[in-house]
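# A look at the structure
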Amino acid sequence: MNALDNPGEKVVVLEVSSLSVSYGKVDALHGLALKVHRGEIVTVIGPNGAGKTTLLCALIGLLPARGEIVYLGERQGSGRSVEMLVRQGMTLVPEKRELFAEMSVWDNLLLGAFDRYRAGHRDQLETIDEVFDIFPRLMERREQMAGTLSGGERQMLAMGRALMAKPRLLLLDEPSLGLAPLVIKEIFRTITQLKKLGVAILLVEQNARAALQVADYGYVLETGELSLEGPSRQLLTDPRVIESYLGLGGRH
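Please read these numbers as outputs of a predicted model, since none were measured by experiment.

An ideal rise of 1.5 Å per residue puts 22 Å on 16 residues; helix 8 (residues 181–196) measures up with 23 Å between its terminal C-alpha atoms. The secondary structure elements touched by the buried residues of helix 8 are strand 3 (41–45), helix 5 (124–134), helix 7 (151–163), strand 7 (169–173), strand 8 (200–205) and helix 9 (208–214).

Written as structure tokens, this is what we have:
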């Protein structure tokens, strides 16, 4: 949807090193290092309370963090703001989706393009057509109030609204949360489709199996620290991941 220049080249979109986040005297994240390339899906899996959402909030500028965050080749200082990062193409789809329930699907989507419109871009109608190509159901529901959508449709709308900003890096926080298995499959098929469009994706997810099946590379986050990392296919067959996250420990 917004591939960077020279689409065949492997470009580092996000590189994080020695990242730490504290709540008071308690370290929520400690010494994290990860990397995301253009057109790549990287997933961070782990249990509740491991710090996955904290990581995304720190990257998008919602939480203060120590360490180094390099986005699109530029080191992000302590003064970075959410608005600035969104303008530079980093977009977060939060766990709670945070839609405007009493506004239509169409209007929710247009709000996703507001910052680009304010910056002088007038391509929102073209972009909304691209979103409808990815999520045909949103086209069918375009006049419907967001608050009346099903859980899966709300997730589609949250992702579609993020795509209206033409992101270079899409941060997804638990997109499968609360959804039925068939809907989860549809959402993850869409995530794979976005990768083909050149969008870099950092996916935080408790559904380890689904996340690792679509991702190129994975990290396991436990109590604020990375305990494992590697190509996703490798993690899918790692006995430690199988036992702790894939629910197959008793059959291996």
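Back to the text.
With that settled, consider unusual backbone geometry. Despite not being glycine, Lys 166 has its phi angle at roughly 50°, a positive value. Mapping Lys 166 onto the fold places it in the loop between helix 7 and strand 7. On the basis of relative accessible area, Lys 166 is assigned to the buried category, the value being 11%. Phi is positive for Glu 174, close to 50°, though the residue is something other than glycine. Relative accessible area serves as the criterion here: at 4%, Glu 174 is assigned to the buried category.

Turning our eyes to something else, we now look at the domain arrangement of the chain. Here the chain is partitioned into domain 1 (9–89 + 167–177 + 185–247) and domain 2 (94–165). A straight line from the C-alpha centre of domain 1 to that of domain 2 covers 23 Å. Opposite the 16 residues of domain 1 that make contact, domain 2 presents 15 residues. At the boundary of domain 1 with domain 2, total buried surface from both sides reaches about 1,400 Å², with 62% on carbon and sulfur atoms. Where domain 1 touches domain 2, the interface holds two salt bridges. Where domain 1 packs against domain 2, one counts two residue pairs in polar contact (both at pLDDT 80 or more).

For the coordinates displayed, the defined rule picks out two aromatic pairs. The interplanar angle of 35° and the centroid separation of 6.1 Å between the aromatic rings of Trp 106 and Phe 132 together place this pair among those described as tilted. Residue Trp 106 is found in helix 3 (residues 105–112), and its partner Phe 132 is found in helix 5; the two are separated by 26 residues along the sequence. Phe 132 sits in the buried class, given a relative accessible area of 6%.

The next point concerns the side chain of Gln 155. Mapped onto the elements, Gln 155 comes out in helix 7. A relative accessible area of 1% means that Gln 155 is categorised as buried. Residue contacts for Gln 155: discarding those within four places in its chain leaves Val 93, Arg 97, Pro 175, Leu 179 and Ile 187.

Looking at the largest pocket, its volume works out to about 740 Å³. Around the largest pocket, the lining is made up of 27 residues, and of these Val 82, Val 86, Thr 91, Leu 92 and Arg 161 lie nearest the centre. Within the residue set of the lining of the largest pocket, elements represented by two or more residues are helix 1 (52–59), helix 2 (82–87), strand 6 (90–93), helix 3, helix 4 (114–118) and helix 7. Across the lining of the largest pocket, the residue classes break down as 15 nonpolar, three polar and nine charged. Shared between two domains, the lining of the largest pocket takes at least three residues from each, and those domains are domain 1 (9–89 + 167–177 + 185–247) and domain 2 (94–165).

Spatially, 6-7-8-3-9-10 is the arrangement adopted by the six strands of the open sheet, whose pairing is mixed. Looking at strand neighbours, the two that pair on one side only are strand 6 and strand 10 (225–231), the edges of this open sheet. Within this sheet the neighbouring strands show an average axis-to-axis angle of 15°, counted without direction. Alignment of strand 6 against strand 7, held across four bridges, turns out to be parallel.

Time to look at helix 11 (residues 239–246). One turn of the α-helix equals 3.6 residues, which is why residues spaced by three or four share an orientation. Within the sequence span of helix 11, burial applies to Val 241, Ile 242, Tyr 245 and Leu 246. Around the axis of helix 11, the buried residues are gathered within 110° of arc, so they sit on the same side. Across from the buried face of helix 11, at angles greater than 90 degrees, the exposed residues are Pro 239, Arg 240 and Glu 243. As for helix 11, its buried residues are in contact with strand 3, helix 9, strand 9 (217–222), strand 10 and helix 10 (232–236).

Here we take up the packing of helix 3 against helix 5. A packed helix pair is summarised by two numbers, namely the angle formed by the two axes and the spacing between the axes. Here helix 3 crosses helix 5 at 120°, and the two axes come no closer than 10 Å. Here helix 5 runs oblique to helix 3, going by the angle between their axes. Viewed along their axes, helix 3 and helix 5 form a crossing whose handedness is right-handed. Residues Trp 106, Leu 109 and Leu 110 of helix 3 form the contact with helix 5, whose participating residues are Gln 124, Leu 125, Ile 128, Val 131 and Phe 132. When the residues that make up the contact of helix 3 with helix 5 are grouped by side-chain class, the tally is seven nonpolar, one polar and no charged.

Reading the values: the criteria
- Residues numbered from 1 in each chain as written.
- Predicted model: local features only at pLDDT ≥ 70, side-chain atom pairs only at ≥ 80, totals over all residues.
- Heavy atoms only, no water.
- Helix = DSSP H or I, 4+ residues; strand = E, 2+ residues; numbered from the N terminus.
- Expected span 1.5 Å × (residues − 1).
- Contact = heavy atoms within 4.5 Å.
- Buried < 20%, exposed > 50% of the residue type's maximum accessible area, 1.4 Å probe, protein only.
- Domains from an automatic or database assignment.
- Buried area = accessible area lost by both parts, 1.4 Å probe.
- Salt bridge = Lys/Arg side-chain N within 4 Å of Asp/Glu carboxyl O.
- Polar contact = N/O pair within 3.5 Å; in protein donor to acceptor, adjacent residues only side chain to side chain.
- Phe/Tyr/Trp six-rings, centres within 6.5 Å; stacked < 30°, edge-to-face > 60°.
- 1 Å grid on protein atoms, 1.4 Å probe; cavity = no way out; pocket = protein on both sides within 12 Å on 5 of 7 lines; lining within 4 Å.
- Points joined across faces, edges and corners; volume = space filled by probe spheres on them.
- Nonpolar A, V, L, I, M, F, W, Y, C, P; charged D, E, K, R; others polar.
- Pairing = 2+ DSSP bridges.
- Axes fitted to C-alpha atoms, helices over the stretch in contact; angles between N-to-C directions.
- Arc of directions from axis to C-beta.
- Parallel < 35°, antiparallel > 145°, perpendicular 65-115°, else oblique.
- Left-handed = near helix turned anticlockwise from the far one by under 90°.

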